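# Topology and contacts: notes
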Amino acid sequence: MQKNPNPEWTLLYFLRFKLRLCGTKEACGEGGCGACTVLQAKFDESTGKIVNAAINACITPLCSTHGSAIITTEGIGSVKAGLHPVQERIAKSHGTQCGFCTPGFVMSMYALLRNNPEPTEQEMEDAFQGNLCRCTGYRTIMEGFKTFCKETAPSANGCCGGKGKNGGCCMDGFINDGESRTELADTLFDPSEFKKYDPKADIIFPSELQLN
Ligand code: FES
Ligand code: FES
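Presented here is a report on the structure given in the accompanying data block. These numbers come from a predicted model, not from an experiment.

Cut-off values and rules
Each chain has its residues counted from 1, running along the sequence as written. Chain letters and ligand numbers both follow the written order, the letters beginning at A and the numbers at 1. Local features in this predicted model are restricted to residues of pLDDT 70 or higher, and side-chain atom pairs are both shown and tallied only at a pLDDT of 80 or more, whereas totals for entire chains, interfaces and linings draw on every residue. To obtain the side-chain values, all non-hydrogen atoms of the structure were included, while hydrogens and water were left out. Numbering of helices and strands runs from the N terminus; a helix is a DSSP stretch of H or I covering at least four residues, while a strand is a stretch of E covering at least two. Buried means the residue's accessible area, taken with a 1.4 Å probe over protein chains only, is under 20% of the maximum for its type, while exposed means over 50%, and partly exposed covers the values in between. Contacts are assigned to residue pairs with any non-hydrogen atoms lying within 4.5 Å of each other. Aromatic pairs are defined between Phe, Tyr and Trp rings, using the six-membered ring for Trp, whenever the two ring centres lie within 6.5 Å; interplanar angles under 30 degrees are classed as stacked, those over 60 as edge-to-face, and all others as tilted. In this scheme, Lys NZ or Arg CZ marks a charge over a ring once it lies within 6 Å of the ring centre and within 35 degrees of the ring normal. Any carboxyl oxygen of Asp or Glu within 4 Å of a side-chain nitrogen of Lys or Arg constitutes a salt bridge here. A pair of strands is labelled paired if DSSP reports no fewer than 2 bridges between them. Axes, fitted as lines to C-alpha atoms, cover a helix only where it is in contact. Angles between the N-to-C directions of the axes lie from 0 to 180 degrees. Oblique is the label for any angle not covered by the other classes, which are roughly parallel (under 35 degrees), roughly antiparallel (over 145) and roughly perpendicular (65 to 115). Crossing chirality is assigned from the near helix's rotation relative to the far helix, an anticlockwise turn below a right angle marking it left-handed and a clockwise turn marking it right-handed.

The secondary structure content of the protein chain amounts to seven helices and five strands. Its helices and strands in sequence order give the protein chain the pattern α-β-β-β-α-α-α-α-α-α-β-β, from N to C terminus. Taken across its 212 residues, the protein chain has 35% of its residues classed as buried. In the protein chain, the proportion of contacts linking residues at least 24 apart, taken out of those at least 6 apart, comes to 64%.

Right, let's get into the packing of aromatic side chains. Taken as a whole, this structure holds nine aromatic pairs when the rule is applied. Each ring, one from Phe-105 and one from Tyr-138, has its centre 6.3 Å from the other, and the planes form 55°; the classification is tilted. Residue Phe-105 is located in helix 4 (residues 102–115), and its partner Tyr-138 is located in the loop between helix 5 (121–127) and helix 6 (139–146); the two are separated by 33 residues in the primary sequence. With relative accessibility at 0%, the residue Phe-105 sits in the buried group. Residue Tyr-138 is classed as partly exposed on the basis of its relative accessible area, which comes to 30%. Centre to centre, the rings of Phe-189 and Phe-194 are 5.2 Å apart; their planes meet at 35°, and the pair counts as tilted. For Phe-189, a relative accessible area of 16% corresponds to the buried category. Against the face of Phe-148 rests Arg-89, its NZ or CZ located 4.0 Å from the ring centre.

The next point concerns the pattern of salt bridges. Counting across every chain of the model gives two salt bridges. Put simply, Lys-146 and Glu-143 hold a salt bridge, and the shortest N to O gap is 3.1 Å. With Lys-146 and Glu-143 both in helix 6 and three residues apart, the pair spans about one turn of that helix. Among the residues examined, Lys-146 registers a relative accessible area of 28% and is labelled partly exposed.

Moving on, we get to the pairing of strand 2 (residues 49–56). Taken residue by residue, a regular strand's side chains alternate between the two faces of the sheet. Relative to strand 2, strand 1 (residues 37–44) runs antiparallel, the two sharing eight bridges. If you follow Thr-37 over to strand 2, its bridge partner there is Asn-56. Once strand 1 ends, the chain turns through four residues before running back antiparallel as strand 2, passing Gly-48 with a positive phi of about 70°.

Further remarks concern the sheet that holds strand 1. Strand order in the open sheet formed by three strands is 2-1-3, with antiparallel pairing between adjacent strands. Two strands bound the open sheet, and with one partner strand each, they are strand 2 and strand 3 (69–71). The mean angle between the axes of side-by-side strands here comes to 25°, regardless of whether they run parallel or antiparallel. Set on the sheet, helix 4 makes contact with strand 1, strand 2 and strand 3; between it and strand 1 the angle comes to about 25°.

Turning our attention to the packing of helix 4 against helix 6. At a minimum axis distance of 12 Å, the contact between helix 4 and helix 6 shows a crossing angle of 30°. Of the possible angle classes, the one that applies to helix 4 and helix 6 is roughly parallel. For the pair helix 4 and helix 6, the crossing hand works out as right-handed. Residues Phe-105, Val-106 and Met-109 of helix 4 touch helix 6, and the partners they reach there are Ile-141, Met-142 and Phe-145.

Shape descriptors only; they carry no functional weight alone.
Dropping the structure here:
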């Protein structure tokens, strides 16, 4: 609890410079990149429900978070205490390179799962609309996090008269150097190595913030 907070402080400033929780990153500083994403959980008195949202800490005044619980990437897991499944999957799917955007992607995915433990792929993609990555090209991040999603049925026919596998391109999985076609490994990771995601193991909303 911070007594008499400076009304000019942002949540990001408070986390990084007062609490020394430096997992939450600052990049654009103006709500455009998602590097500073954290989860805000609030008790909604009108519905009696807890509302979880991914927010940009760089544009959130600290004072506006009064009465809510803020969860950062340090709060959900660490190498020492054990990684949260979201952290583990982005790492094992090679979804992080320089790592600067990674805590933001992790917290956006975590917020989505808190609201919906089995999202669709479209819901997952929508949840990342505010997260930018300058390194990975996104594919590895999406592939890793897709493992949390409901199975989506592949469309029946691919290109070239249906030769494409799972409704995709017939060249998926091959490198064509003009003379020969070489089959590529079609997996980035082995999902059987992943920890199972159990929503019941997630952090519980503090009862003192739950007003009746
Ligand atoms: Fe870019 Fe906050 S630092 S959205
Ligand atoms: Fe470098 Fe995303 S891993 S910005």
